[in-house]
Every structure is written in C-alpha cells, then in structure tokens.
Amino acid sequence: MHVTHDPAAAAAPTIDFNSFLAVDIRVGTIVDAKPFPEARKPAFRLWIDFGPAIGVRKSSAQITENHPLETLVGQQVAAVVNFPPRQIGPVVSEVLTLGFPDADGKVVLVQPSKPVPNGGRLF
C-alpha cells in the first residue's frame, strides 16, 4: 500500500491543486478502539467520530507499536474519508487513518497539536 517509508526518497511527481482537493482529509476523535487479532500485521480496529456531517467511521490501523490501545479513546486523528471502503480480513475499513513512519518504520499518528472541531478539513 505504501510507496516508501524512506525519508531520503525523492518527492512524488507534481500534482495540480485540484488533485490535492480531491483527497478529503478530516479530523475526528477516536470513540472506541479494539484489538484486531485477525489482521495479518498487528493492528487495532478504530471507530472515529468525524462530526455530524460524516458520523462515526471504522478504520483498521497498524499503530500498535507507538500507540497503546488504552490511550487511543479520546485522541484526535487525521484520516482520508473519501476513499472507497476496503476489506481487511473480516473488517471493512471505511477511512484511511494517517500517520508518518518513525525511525524504525512504525506508524506515528497524524494529530492536531490542540483540540479542533471534529470533521474539520485539512487545508
């Protein structure tokens, strides 16, 4: 799924601004988080509230290395909300929760530096 985790990799090809606008990245609050033992790689199942216009959406996220399960509920995260649902084992993931790789290639969630309203769009 990922093109590269190498921080020294060249930038992706140039896109126009309308291509950027087509990707709908919103902030939401994790309202529930559960283990996902059926996943091929260690992951959690997340339920993220994106506010009244989008509602609560499900996601599978490989964030187990840097984010203990018991700390997730109440955290705000960024996610792409307009990709089609994706079947991941027995679970349908409705959004792509975003993160960056740490020095070991493990996911660190993209989060606002202070609380913002759920559903806010990245610009």
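Before any of the text, the structure's been laid out above.
In what follows, the accompanying structure is described. Numbering of residues starts from 1 in each chain and follows the order in which that chain's sequence is written. Whole-chain, interface and lining totals are the exception, using all residues; otherwise, since this is a predicted model, local features are given only for residues with pLDDT of at least 70 and side-chain atom pairs are given and counted only at 80 or more. Based on all heavy atoms of the structure, the side-chain values leave hydrogens and waters out of the count.

### Quick notes on the packing of aromatic side chains
Part 1: Think of it this way: a Phe, Tyr or Trp ring, Trp meaning its six-membered ring, pairs with another when their centres are within 6.5 Å, and the plane angle makes it stacked under 30 degrees, edge-to-face over 60, tilted otherwise. Scanning the model with the defined rule gives one aromatic pair in all.
Part 2: Taking the centre distance of 5.8 Å and the plane angle of 40° together, the rings of Phe17 and Phe20 count as tilted. Of the two residues, Phe17 and Phe20 both sit in helix H1 (residues 17-22), three residues apart, roughly one turn of that helix.
Part 3: Only protein chains enter the accessibility calculation, which uses a 1.4 Å probe. A residue is then buried if its area is under 20% of the maximum for its type, exposed if over 50%, and partly exposed in between. Residue Phe17 is classed as exposed on the basis of its relative accessible area of 58%.
Part 4: Sitting over a ring, as applied to charges here, requires NZ of Lys or CZ of Arg to be within 6 Å of the ring centre and within 35 degrees of the ring normal. Cation over ring: Lys34 sits above Trp47, and NZ or CZ is 5.8 Å from the ring centre. Numbering goes from the N terminus for both helices and strands, where a helix is a DSSP run of H or I of at least four residues and a strand is a run of E of at least two.

### Digging into the environment of Phe44
Part 1: For Phe44, the position within the fold is in strand S2 (residues 44-49).
Part 2: Since its relative accessible area comes to 9%, Phe44 is described here as buried.
Part 3: In the structure, Phe44 is positioned 40 residues away from Pro84 in sequence and 20 Å away in space, judged by C-alpha atoms.
Part 4: Note on contacts: a residue pair qualifies if any of its non-hydrogen atoms lie within 4.5 Å across the two residues. Excluding residues that lie within four positions of it along the chain, Phe44 makes contacts with Lys34, Pro35, Phe36, Ser59, Ser60, Ala61, Ile63, Thr64, His67, Pro68, Leu69 and Leu72.

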